[in-house]
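Secondary and tertiary structure notes
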Amino acid sequence: MTGQNNEAVKNGVIFPRGPENAAYAQFFTGTSYLQSLVADPAVNVGVGVVTFEPGTRNNWHIHHDGYQILLVTGGEGWYQEAGQPARKLHAGDVVVTHDGVKHWHGATKDSWFAHIAITAGTPEWLEPVSDAQYDALEEEAD
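Fair warning: this is a prediction, and the values are worked out from it, not measured in the lab. Sequence order sets the numbering: in each chain, residues are counted from 1 along the sequence as written. Thresholds applied to this predicted model are a pLDDT of at least 70 for local features of residues and 80 or more for the giving and counting of side-chain atom pairs; totals over whole chains, interfaces and linings are not thresholded and use all residues. Excluded from the side-chain calculation are hydrogens and water; included are all heavy atoms of the structure.

We now examine the pairing of strand E8 (residues 103-107). Between buried and exposed lies partly exposed: a residue is buried under 20% and exposed over 50% of the maximum accessible area for its type, with that area taken using a 1.4 Å probe on protein chains only. What counts as a helix is a DSSP run of H or I of at least four residues, what counts as a strand is a run of E of at least two, and both are numbered from the N terminus. Where burial is concerned, most of E8 is hidden: five out of the five residues are buried. For two strands to be treated as a pair, DSSP must find at least two bridges joining them. Note: strand E5 (residues 61-81) against E8, six bridges, orientation antiparallel. Counterpart to Gln 80 in the pairing with E8 is Trp 104.

Written out as structure tokens, the structure is:
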């Protein structure tokens, strides 16, 4: 990925990058940013842009009584469900995570990464993705 593309993702591809994601920082390794797009209490689905600095990823987590849809808007990232191989993500990719599926997602080591997250239900945050797990993915991709 070129530096110009990284700059574009860093600054917001379609929507603004948003402020640092301090409310959820404890569930991330690295720094992420969150720009809420839909936060209407009458709508039971959250929609927001999550932007990850290179190497940043969220912890393993499960959505209960709901789901999560990721629409990748820029950069390169990873998505993995428990027991499955990781999938490298690029702009234009769509991921659907069903109710109760343990998973994680985040940036590759050298790229900013952004996606729109459409989320229903209650998240259960679990253990971090270990450096060893993450580094093994990065080594396979090289």
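Next comes the rest of the write-up.
Attention shifts here to the packing of aromatic side chains. Each pair of aromatic rings taken from Phe, Tyr and Trp, with Trp reduced to its six-membered ring, is defined by centres within 6.5 Å and is described as stacked if the planes are under 30 degrees apart, edge-to-face if over 60, and tilted in the remaining cases. Evaluation of the coordinates by the stated rule reveals eight aromatic pairs. Judged by centre distance (6.0 Å) and plane angle (25°), the rings of Tyr 33 and Trp 112 are stacked. Taken together, the residues Tyr 33 in strand E2 (residues 32-38) and Trp 112 in the loop between E8 and strand E9 (113-125) connect sequence positions 79 residues apart. Judged by relative accessible area, which is 10%, Trp 112 ranks as buried. Judged by centre distance (5.6 Å) and plane angle (40°), the rings of Phe 52 and Phe 113 are tilted. Of the two residues, Phe 52 sits in strand E3 (residues 46-52) while Phe 113 sits in strand E9, which places them 61 residues apart along the sequence. Note on Phe 52: relative accessible area 0%, which makes it buried. Overall, Phe 113 belongs to the buried group, its relative accessible area being 0%.

UniProt positions are given in the numbering used here, feature names are shortened, and annotations may be inferred rather than shown by experiment. The UniProt record marks residues 49-110 with the feature "domain: Cupin type-2" (unreviewed entry), using the residue numbering of this structure. Summarising residues 49-110: 0% helix, 65% strand, and an end-to-end C-alpha distance of 20 Å.

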